[in-house]
Amino acid sequence: MEILTAWLQGLPGFGGMSDQGLFITGAALMATLMFTVMALCAIVFTWMERKVAGFIQSRYGPMRTGRWHGWAQAVADMLKILGKEDIIPAEADKGLFVFAPLLVLLGSLLAWAAVPWAPGFSAANLDLGLFYIFAASSMVVMGILMAGWASNNKWALYGAARGAAQMVSYEIPLALATIPVIMHVGSLNTQDIVVAQQGGILNWFVLRDPFLFIAFWMYFIASIAETNRGPFDMPETESELVAGYHTEYTGMRFAFFFLAEYANLFLVSVIAVMVFLGGWWSPIPGLDFAPALTFVIKGVLMVFLNMWVRWTLPRVRVDQLMYLCWKVMIPVTLLCIVGSGVLMITSGALG
Amino acid sequence: MVQYFQDIYAAVGSALVGMGVTIKHIWKKPVTLQYPDERQVMPPRFRGFVHNDMTKCDSCGICAKLCPVDCIYIETEGKGKDRYMTRYAIDYNKCIWCSMCTENCHTGSITMSHDYDHSVYDRRTLVYEFMDPTQQKIPCHRATREELGWWVEPKAEKKAAPAKPATKPEAKPEAAPEADAKPASPADEPSGDKGEDK
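Just so it is clear, the model here is predicted, and its values are computed rather than measured.

**Student:** Any details on the interface of chain B and chain A? Residues and values, ideally.
**Tutor:** With 17 residues of chain B at the interface, the matching set in chain A holds 18 residues. Surface buried jointly by chain B and chain A totals about 1,600 Å² across both partners, of which 65% is contributed by carbon and sulfur atoms. Here chain B is connected to chain A by one salt bridge. We note a salt bridge from Asp-37 of chain B to Arg-64 of chain A, for which the minimum N-O separation is 3.0 Å. Where chain B touches chain A, the interface holds seven residue pairs in polar contact (both at pLDDT 80 or more). When grouped by side-chain class, the residues that make up the side of chain B that touches chain A number nine nonpolar, five polar and three charged.

Right, here's the structure in full:
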């Protein structure tokens, strides 16, 4: 943000602008940029998801639209979805029904603000960055519950209830898993967290100590559940609940859920990169010529890992889901916090 | 408590095994054939759409009579040496690909091709006309065929051994071009349609 306003000030015609005007222009630009990135995510990742799914199942996935490997398939799908009729069920709660997809989208878009793309470059350089991300992304739960309730459809409501239960539960290990890192950094500022991992792959928090390594995988599992993707896609189980909370949605409103799902997927991947995988630092020290690109590439690799898991593992039952969260992941993440803290004290990192 | 840790160990282990299996498949070449671009090579005796070589057919009508579903339509006009074939059509709505016609064709003109993908929008177009009587009628009688330079079925070895090489080379160059242009060949037209429709 500071970089952006400074750059704006340098442009002809913007020099005489007041600080407030600069801030608003910069914020608008940044929001547009973030939204574009988000929409691109949805388009690129739907294509990627279908390709990964295809190759895992020994087939090609989309091959026809566009010349090379059906690259235009996702674009065509988006256009198709925009052309669909917008249906609001007669018995639905209209206000909530219209508002729910916006809230879901808003939740993930807000969280994007604190993502550190490059040194000094994030939409909002907040001191409580990581905390803010978790807080903002938990708004998605409300949106999902709202969508399920407003649809006035039993499947949608089941899906929403499952989604809410799952996301509320898994937010706990998700946040707990990042605590060891926060203890190491001593700050919640996202920029600081990445800066603390400078100096090659061995300084990334995944490889700092064994407890952080486990914490990373705990974060990863929780993040899959957080985005409602397989093997934790209980809220959308196609075989039982039609499509879960977005059963009744069509056209643009459905596209919002879709957009939010893939934006969330990239968001959790990017947070994993930021917190555990060295952010914009390249694995080999001294090769940091394109920080933003490194960051995005790592994020895409994490997304690939997500997809790989989704197309490999079977869906877990609801009781298994809750067992995993409350009886396995939370104790393990707590152990990670204690263990990492003990290691910090014994290794003298606290001075 | 021991069970708890054993469960975690088993779960992580089996998940990793599964991930290993799927990652192997990502790098393998998919088994899919990109159908309109790549095609399966059919076995030699594959029964595809029936093809009738109109240069050879002398409208004896055996195929039509043998056909268990009566899907072959042959129409002729005239008698004796002036008998000409005016229509040869196969109705693929009825055809059951039994191959009775090809096995009993004495001239060997009717064969099973390897075409199989003739999808159409209107089932009336599945009646394939093999010739157009307004272009040229096809002589049926052996003598007329020989006279007009059409292909004739070689006689049994003892009699026709010398006649066969004599008729064939002179008949071929004449008959082939006009016969090729004439019949509504099932291979050309429908596949052309399909290409456009797609």
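Now, onward.
**Student:** Tell me about the pairing of strand 2 (residues 72–77) of chain B, and name the residues and values.
**Tutor:** Residues and elements named next belong to chain B. Sheet topology note: the strand 2/strand 3 (residues 84–91) ladder contains six bridges and is antiparallel. Of the residues in strand 3, the one forming a bridge with Ile-74 is Tyr-88. Where strand 2 hands over to strand 3, the hairpin turn is made up of six residues, of which Gly-78 adopts a positive phi near 85 degrees.

**Student:** I'd love a proper account of the packing of helix 2 (residues 19–56) of chain A against helix 11 (residues 251–275) of chain A, names of residues and values included.
**Tutor:** All names here are of chain A. At their nearest, the axes of helix 2 and helix 11 sit 8 Å apart, and the two run at 90 degrees to each other. As judged from the angle between their axes, helix 2 and helix 11 are roughly perpendicular. Across the interface between the two elements, Phe-35, Met-38, Ala-39, Cys-41, Ala-42, Phe-45, Thr-46 and Glu-49 from helix 2 touch Phe-258, Leu-259, Tyr-262, Ala-263 and Phe-266 from helix 11. Split by residue class, the contact of helix 2 with helix 11 holds 11 nonpolar, one polar and one charged.

**Student:** An account of the nonpolar core is needed here, citing residue identities and associated values.
**Tutor:** One finds Trp-112, Tyr-219 and Phe-276 of chain A to be the most contacted residues of the largest nonpolar core, which totals 102 residues. With 16 residues, the single largest contributor to this core is helix 11 of chain A. Apart from residues lying up to four places away in sequence, Tyr-219 of chain A is in contact with Phe-134, Leu-174, Ala-177, Thr-178, Val-268, Ile-271, Ala-272 and Phe-276 of chain A. One finds Cys-67, Met-85, Ile-110 and Ile-138 of chain B within the second-largest nonpolar core, a separate group that totals 25 residues.

**Student:** Any chance you could break down a nonpolar patch on the surface for me, citing the residues and the numbers?
**Tutor:** All names here are of chain A. A cluster of nonpolar residues, Trp-68, Trp-71, Val-75, Leu-79, Leu-82 and Met-252, forms a patch on the protein surface that exposes about 670 Å² of accessible area. Counting residues per element, the nonpolar patch draws most heavily on helix 3 (residues 73–82), which supplies three residues. As for its position among the elements, Leu-82 is in helix 3. Among the residues examined, Leu-82 registers a relative accessible area of 48% and is labelled partly exposed.

**Student:** Would you mind going over the packing of aromatic side chains in detail, with residue names and values included?
**Tutor:** Residue and element names in this part refer to chain A. Scanning the entire structure with this criterion turns up 27 aromatic pairs over all chains. A ring pair is formed by Trp-217 and Phe-220, whose centres lie 5.7 Å apart and whose planes are at 90 degrees; its orientation type is edge-to-face. One end of the pair is Trp-217 and the other is Phe-220, both in helix 9 (residues 210–226) and three residues apart, which spans about a single turn. According to the relative accessible area criterion, Phe-220 is buried, its value standing at 4%. Joined through ring pairs, the aromatic side chains of Phe-213, Phe-216, Trp-217, Tyr-219, Phe-220 and Phe-276 make up one cluster.

**Student:** Would you mind going over the pattern of salt bridges in detail, with residue names and values included?
**Tutor:** Taken as a whole, this structure holds 13 salt bridges over all chains when the rule is applied. A salt bridge links Arg-253 of chain A to Asp-86 of chain A; the shortest N-O distance between them is 2.9 Å. With a gap of 167 residues between them, Arg-253 of chain A in helix 11 and Asp-86 of chain A in the loop between helix 3 and helix 4 (94–111) connect regions that are remote in the sequence. A residue is classified by how much of its surface remains accessible, and Arg-253 of chain A, at 17% relative accessible area, is buried. A salt bridge links Asp-122 of chain B to Arg-124 of chain B, with the nearest nitrogen and oxygen atoms 3.0 Å apart. Among the residues examined, Arg-124 of chain B registers a relative accessible area of 66% and is labelled exposed. In this structure, a network of salt bridges that share partners links the residues Glu-49, Arg-229, Glu-261 and Arg-310 of chain A.

Here is what the cut-offs are and how they apply
- Residues numbered from 1 in each chain as written.
- Chains lettered and ligands numbered in written order.
- Predicted model: local features only at pLDDT ≥ 70, side-chain atom pairs only at ≥ 80, totals over all residues.
- Heavy atoms only, no water.
- Contact = heavy atoms within 4.5 Å.
- Buried area = accessible area lost by both parts, 1.4 Å probe.
- Salt bridge = Lys/Arg side-chain N within 4 Å of Asp/Glu carboxyl O.
- Polar contact = N/O pair within 3.5 Å; in protein donor to acceptor, adjacent residues only side chain to side chain.
- Nonpolar A, V, L, I, M, F, W, Y, C, P; charged D, E, K, R; others polar.
- Pairing = 2+ DSSP bridges.
- Helix = DSSP H or I, 4+ residues; strand = E, 2+ residues; numbered from the N terminus.
- Axes fitted to C-alpha atoms, helices over the stretch in contact; angles between N-to-C directions.
- Parallel < 35°, antiparallel > 145°, perpendicular 65-115°, else oblique.
- Core = buried A, V, L, I, M, F, W, Y, C linked by side-chain atoms within 4.5 Å.
- Buried < 20%, exposed > 50% of the residue type's maximum accessible area, 1.4 Å probe, protein only.
- Patch = residues over 30% accessible without salt bridge, like charges linked within 9 Å, V, L, I, M, F, W, Y side chains within 5 Å.
- Areas by Shrake-Rupley, 256 points an atom, 1.4 Å probe, with all protein chains shown as cover.
- Phe/Tyr/Trp six-rings, centres within 6.5 Å; stacked < 30°, edge-to-face > 60°.

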